[in-house]
Amino acid sequence: MRQLLRFRYLFFLSLFAATVTFYSCDKDMSVSLGNSNNDLGVVVLDSMTINTSTYQLLNLPSAATGSLLVGKSSQPESGSVTSSSYFRVQLQTLTNDIPSNAVFDSVNLVVRPSINKYYYGDTTKTQSIAVHRVTEEIKLKDITNSIDQYNTPIYVTGPTIFNDQKFSYDATPLGDHSFQPKIRSIDSISIKLDQNFGQEIYDMVKANDYNVTTNESFQQYLKGLVLVPGNQNTTLLGLNDTLHVNINYSYMGADGFMKKGAKVITSSSKAYQYNNIEYDRTGTPYASINSVNRELKSSATNGEVLLHAGTGLVAKINIPSLNDFMHEENLAINKVELVVETTGHNFGSYPVPNALMLLIANSNGVPISYVRAPFSTAIQQASFIPGNDMGINGRYVFNLIDYTKNVNQSEYRGTSLLLSVASPALFGTVNNTIIATENGKPKIKLNIVYTKFK
């Protein structure tokens, strides 16, 4: 008898657990607590309407990202993206340490891959990079003084250089180089520069010319350099932001043997190194989006929404009924997750972003805050969770428990969420992804598990 009662107890217990575990959209499950007259309704909601658009961010800083992003890549879904990298230079040493009997030989620029060996695009084809002399002073721009604080993005904290800025440079390159972009194995890229350019600097150093006595005067003479990709390039490369221009010379040593040396010019302050990123979305569903027409509803693209680092494309998300829902009485929120499914993989020539983040935008669409990690001040980043070959999409999952509990506060009124490639990749890479669709709508779902006191 005891075994029979024990069996029945375990049976009903497992049946109850299975009932709570298995739930459908907006399903209410009542749980009675002893002799209490109040029931607890465990409710799971996953059908809340979510309005989504592809949205263009403005004022995207691209200085001091840690790498020179140079190249071009094209994809049918997102169009082409091209990046040129500008930087100031300075003499490594200001002393005239060239031997008196030395003779100028050549000049070359040497750059190495970035630490993380970043690339994006087809690396099977030959790439080319040209070096041009910048003819306009590279300056920082401070938008915090030119526009009011309400319209300054949260990620702009002071003077910087933005990805859409350009500075004039000589149309004739100082030199160019074609190479196979074996980014995983290549040690360095050496670009031979114009002999007259090198000879002039060599002669100034030998003569202790005013232009080479201080780095300030040298930067008036040589305002900077820019690395420009060839128009036929098929990949973007991340290159180390510390590079060298070698003014090479040879001389007879005291031992009677010929020796070689170099006067080195190196990159200057990282704040003045930035990547100018241009895009062309002609022929894509997102061709109409630009700095003026910044928003394209997902209904116009059959539900697809494009996220694109570097160019500043994000997903603008509005959940109209969320505020009213959070105002309902007798609710205790247990769990809130925003699940975003996406196409693509995080490997190969065109990997999706490793992580996404959520920005909070004001009524003007300007990011004013971040969605933080629960019980933390850190920016929440949702890492990519791979899908499989059985039809399961890759996805990103955010914990929004803190955000939803505060959404009815005054500072959140009139705001929206911007789903973006996570920082710092937003500013220094060009990875992109398209949100998966189902029945012509983006596969973005807000799952809320809460307890309803009846």
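Note: the structure precedes this text.
Only a predicted model underlies this, so the values are computations on that prediction, with no experimental measurement involved. (Residues numbered from 1 in each chain as written. Predicted model: local features only at pLDDT ≥ 70, side-chain atom pairs only at ≥ 80, totals over all residues. Heavy atoms only, no water.)

Draft legend 1. Spatial organisation of the overall build of the protein. Within the protein, the regular secondary structure consists of 6 helices and 29 strands. Of the roughly 22400 Å² that the protein leaves accessible, carbon and sulfur atoms contribute 50%. (Helix = DSSP H or I, 4+ residues; strand = E, 2+ residues; numbered from the N terminus. Areas by Shrake-Rupley, 256 points an atom, 1.4 Å probe, with all protein chains shown as cover.)

Draft legend 2. Broad picture of the pattern of salt bridges. This model, assessed by the stated rule, comprises 10 salt bridges. Between Glu 337 and Lys 335 there is a salt bridge, with its nearest N and O atoms 3.6 Å apart. Take Lys 335: its relative accessible area is 43%, and that puts it in the partly exposed class. For Glu 341, the salt bridge identified is with Lys 443, shortest N-O distance 3.3 Å. With Glu 341 in strand 20 (residues 331-342) and Lys 443 in the loop between strand 28 (441-442) and strand 29 (444-453), this pair connects stretches of sequence that are 102 residues apart. (Salt bridge = Lys/Arg side-chain N within 4 Å of Asp/Glu carboxyl O. Buried < 20%, exposed > 50% of the residue type's maximum accessible area, 1.4 Å probe, protein only.)

Draft legend 3. Summary view of the side chain of Asn 275. You can see Asn 275 is positioned in strand 16 (residues 274-280). For Asn 275, the side chain forms a polar contact with the main-chain nitrogen of Leu 69, separated by 3.0 Å. Side-chain polar atoms of Asn 275 contact the side chain of Ser 85, separated by 2.9 Å. (Polar contact = N/O pair within 3.5 Å; in protein donor to acceptor, adjacent residues only side chain to side chain.)

Draft legend 4. A look at the environment of Ser 114. Structurally, Ser 114 is set in the loop between strand 7 (103-111) and strand 8 (119-121). On the accessibility criterion, Ser 114 (6% relative accessible area) is buried. The spatial distance from the C-alpha of Ser 114 to the C-alpha of Gly 238 is 5.4 Å, given a sequence separation of 124 residues. Excluding residues that lie within four positions of it along the chain, Ser 114 makes contacts with Ser 67, Gly 238, Leu 239 and Asn 240. Within the local environment of Ser 114, its side chain forms a polar contact with the side chain of Asn 116, the two groups lying 2.8 Å apart. A polar contact of 3.5 Å, which involves the side chain of Ser 114, links it to the backbone nitrogen of Tyr 118. (Contact = heavy atoms within 4.5 Å.)

Draft legend 5. Up close: the sheet that holds strand 7. The strand order across the open sheet formed by 5 strands is 6-15-14-7-11, and the pairing between neighbours is antiparallel. Strand pairing shows two members of the sheet lacking a second neighbour, strand 6 (89-91) and strand 11 (189-192), which therefore form its edges. Across this sheet, the average inter-strand angle for adjacent strands is 35 degrees, counted without regard to direction. Bridge count for strand 7 against strand 11 is 4 bridges, and the pairing is antiparallel. (Pairing = 2+ DSSP bridges. Axes fitted to C-alpha atoms, helices over the stretch in contact; angles between N-to-C directions.)

Draft legend 6. Expanded view of the nonpolar core. Ranked by size, the top nonpolar core spans 39 residues in total, and within it Leu 109, Leu 193, Leu 225, Leu 227 and Leu 239 carry the most contacts. A total of 5 residues in this core trace back to one element, the largest contributor, which is helix 2 (residues 195-206). The residues contacting Leu 227, other than those within four sequence positions of it, are Leu 68, Val 70, Ser 84, Ser 85, Phe 87, Leu 109, Ile 129, Ala 130, Val 131 and Leu 239. Among the nonpolar cores identified, the runner-up in size contains 37 residues, and Ala 315, Ile 333, Phe 398 and Leu 400 belong to it. (Core = buried A, V, L, I, M, F, W, Y, C linked by side-chain atoms within 4.5 Å.)

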